Amino acid sequence: MNTTNRRKFIATAATVAAGTMVASAMPSIVKPTTMINRYPIVHHALFWLKNPGSKEDRDKLVAGVKSLGKIETVKELHVGIVASTEKRDVVDNSWGVSEVMFFADLAGQAAYQTHPIHQEFIKNHSHLWEKVIVYDAIDA
């Protein structure tokens, strides 16, 4: 091997070795391809307000839905309002308030339905909504 080729070989080998060391020192930024759900029962309710232009009514309903998180069988709760995302044919943004709840099992979801806090919520807040649609799902 002549001197020029030897220098190129050493330079290339050093670059590859340095790159390998840097790559192995960096934290992994690859997200896992599967998520483990701790709570396999999902209860998603969408509420259409009677007065969709009323921020006050919307905020009252949001506060009421958040109170449902006090029910012991509700393991996680997300309360939301319509996001200003891209308008597409597949996006329904006609509702006003959304709740997504997670339960450990079907018994917990059933207990939620008859729980006094849930019944009180319905009694005190049902005058705010025109329609509710619920989607219940279990991990596949």
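If you're wondering where the values come from, they're calculated on a predicted model, not measured in any experiment.

1. Examining the sheet that holds strand β2 (residues 76-81)
Point 1. What the four strands build is an open sheet, ordered β2-β3-β1-β4; its pairing is antiparallel. Both outer strands of the open sheet, β2 and β4 (129-138), are each paired with one neighbouring strand and no more. Neighbouring strand axes in the sheet, compared pairwise and without regard to direction, differ in orientation by 15 degrees on average.
Point 2. Pairing of β2 with strand β3 (residues 97-103), which is carried by six bridges, proceeds in the antiparallel orientation. If you follow V79 over to β3, its bridge partner there is E99.
Point 3. Running over the sheet, helix α2 (residues 55-67) touches β1 (41-49), β2, β3 and β4 and is turned about 175 degrees from β2.

2. Focus: the packing of aromatic side chains
Point 1. Overall, the coordinates contain four aromatic pairs when judged by the stated rule.
Point 2. An angle of 55 degrees between the planes, with centres 5.1 Å apart, marks the rings of F47 and W129 as tilted. Note that F47 is positioned in strand β1 and W129 in strand β4, a separation of 82 residues in sequence.
Point 3. Summarising the aromatic geometry, the rings of F103 and Y112 are spaced 5.5 Å apart at their centres and angled 50 degrees between planes, so their arrangement reads as tilted. Like Y112, F103 is buried.

3. Section: the pattern of salt bridges
Point 1. According to the stated counting rule, one finds four salt bridges in the structure shown.
Point 2. A salt bridge links E76 to R38; the nearest nitrogen and oxygen atoms lie 2.6 Å apart. Residue E76 is located in strand β2, and its partner R38 is located in the loop between α1 (3-25) and β1; the two are separated by 38 residues in the primary sequence.
Point 3. Its relative accessible area of 30% is what places E76 among the partly exposed residues.
Point 4. Several salt bridges converge on common partners, so that one network encompasses K55, R58 and D59.

4. Examining helix α4 (residues 116-125)
Point 1. Within the span of α4, buried status applies to H118, F121 and H125. Each buried residue of α4 lies within a common arc of 55 degrees when the element is viewed along its axis, so the set occupies one face. Along α4, the residues that are exposed and aim more than 90 degrees away from the buried face are P116 and K123.
Point 2. On its buried face, α4 is in contact with β1, α2, α3 (106-114) and β4.

Basis of the calculations
- Residues numbered from 1 in each chain as written.
- Predicted model: local features only at pLDDT ≥ 70, side-chain atom pairs only at ≥ 80, totals over all residues.
- Heavy atoms only, no water.
- Pairing = 2+ DSSP bridges.
- Helix = DSSP H or I, 4+ residues; strand = E, 2+ residues; numbered from the N terminus.
- Axes fitted to C-alpha atoms, helices over the stretch in contact; angles between N-to-C directions.
- Contact = heavy atoms within 4.5 Å.
- Phe/Tyr/Trp six-rings, centres within 6.5 Å; stacked < 30°, edge-to-face > 60°.
- Buried < 20%, exposed > 50% of the residue type's maximum accessible area, 1.4 Å probe, protein only.
- Salt bridge = Lys/Arg side-chain N within 4 Å of Asp/Glu carboxyl O.
- Arc of directions from axis to C-beta.

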